[in-house]
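Coordinate inspection notes
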Amino acid sequence: MSADAFLRISADLGNLDVVRRFVRENAAGLGQNPDALQALIQAVDESVTNIIVHGYRGQPGSIEISLEEAEGCMVIRLRDEAPTFDPTAAPSPDVTSPLEQRPLGGLGIHLTRHMVDELIYCPGPAGGNELRLVKRISRPPDREG
Amino acid sequence: MEIMTTQEQGRVPVLVFHLKGELDAVLGQQLRQQGRDAITAGAQHLLLDLAEVPYIASAGLRAFQELFTALRGDSGEQGDKAVYEGLRDGTYKSPNLKLLSPTRHALEALSTAGFDMFLEIHRDLRDAVASF
């Protein structure tokens, strides 16, 4: 499947605004639903932050982001060459425990799960990781008559 | 992304951080640093104005968590017990850190992460300052 749009960035938090702009400008299929588009932007922001901070851990690296519309869904693939890590296997934090007793990690994946319809992880064939974020495109119902 | 600071006076002095931009890992780091500096300089009551924050990423929530903890300080064993009981019963809100005018998506992140259980949310600056 060929991507409708593609972006490669270096693993630097300073590029997060470039990533957000890329999703905002290319996820046209979600344009009719601003809430869905905003949720997808946030999910991608969280996932890319996770790769930069916990995957590459400050080491140089790159992240490829591709976006395509398929079968009524917006699909974003994030590929990196960081050590293998499956964020979908991470446990959800207890969001009802006292604020200061909570561990500082785990919130990003919790928010990401909340923002998308599907989150799919595949280890790369030659190392690295691929994370797929899927957001269903809900269109306004057709008018009758 | 920027954080503008103003000083308000209610029953107590209240430092207001007016945040502008997406509260991502970059602005979150800036907020942590600026908050820590303000607390070191003596600030005890902090209000975060979120009216111009389209959304809050987890890095922003972690900054809130750090500021909450730093402002609460050491309240001793009895103080901790009272706070934990209040948190458990849903009656405790931070008296030191409060939020002003979060946007809809920011509110959704706060609610999804359970932060609205501990942090008071106000819609009016004057009311927010008076509430400290």
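First, a word on what this report is: a plain description of the structure on this page. Quantities reported herein were computed from a predicted structural model and do not represent experimental measurements.

**So, the pattern of salt bridges**
Enumeration according to the criterion identifies 15 salt bridges over all chains in this entry. Where Arg104 of chain B meets Asp35 of chain A, a salt bridge forms, and the shortest distance between an N and an O atom there is 2.9 Å. You can see Arg104 of chain B sitting in helix H4 (residues 104–112) and its partner Asp35 of chain A sitting in helix H2 (residues 34–55), one on each of two chains. Taking relative accessible area as the criterion, Arg104 of chain B reaches 58% and is therefore assigned exposed. In this structure, the salt-bridge partner of Arg136 of chain A is Asp117 of chain A, at a minimum N-O distance of 3.5 Å. Of this pair, Arg136 of chain A sits in strand E5 (residues 129–136) while Asp117 of chain A sits in the loop between helix H3 (107–115) and strand E4 (118–123); the two residues are 19 residues apart in sequence, bridging distant segments of the chain. Residue classification places Arg136 of chain A among the exposed positions, given a relative accessible area of 54%. The partly exposed category is assigned to Asp117 of chain A, whose relative accessible area is 35%.

**Details of the packing of H3 of chain A against H4 of chain B**
In a packed pair of helices, the relevant descriptors are the angle between the two axes and the axis-to-axis distance. Following both chains from N to C, one finds H3 of chain A and H4 of chain B inclined at 120°, their axes separated by 10 Å at the closest point. In terms of axis orientation, H3 of chain A runs oblique to H4 of chain B. By crossing handedness, the relation of H3 of chain A to H4 of chain B is classed as right-handed. On the side of H3 of chain A, the interface is formed by His110, Leu111 and His114 of chain A, while H4 of chain B contributes Glu108, Ala109 and Thr112 of chain B.

**Re the sheet that holds strand E1 (residues 2–9) of chain B**
Residues and elements named next belong to chain B. Strand order in this open sheet of five strands is E1-E2-E3-E4-E5, and the pairing throughout is mixed. Of all strands in the sheet, those with a lone pairing partner are E1 and strand E5 (121–122), marking the two edges. Across the sheet, helix H2 (residues 58–72) lies against strand E3 (46–52) and strand E4 (97–100), angled at about 140° from E4, the strand it touches most.

**Quick word on the environment of His110 of chain A**
Residue and element names in this part refer to chain A. Within the secondary structure, His110 is located in helix H3. Given the relative accessible area of 17%, His110 is considered buried. The spatial distance from the C-alpha of His110 to the C-alpha of Ala82 is 21 Å, given a sequence separation of 28 residues.

Reading the values: rules and limits
- Residues numbered from 1 in each chain as written.
- Chains lettered and ligands numbered in written order.
- Predicted model: local features only at pLDDT ≥ 70, side-chain atom pairs only at ≥ 80, totals over all residues.
- Heavy atoms only, no water.
- Salt bridge = Lys/Arg side-chain N within 4 Å of Asp/Glu carboxyl O.
- Helix = DSSP H or I, 4+ residues; strand = E, 2+ residues; numbered from the N terminus.
- Buried < 20%, exposed > 50% of the residue type's maximum accessible area, 1.4 Å probe, protein only.
- Axes fitted to C-alpha atoms, helices over the stretch in contact; angles between N-to-C directions.
- Parallel < 35°, antiparallel > 145°, perpendicular 65-115°, else oblique.
- Left-handed = near helix turned anticlockwise from the far one by under 90°.
- Contact = heavy atoms within 4.5 Å.
- Pairing = 2+ DSSP bridges.

Any link to function would need more than the numbers given here.
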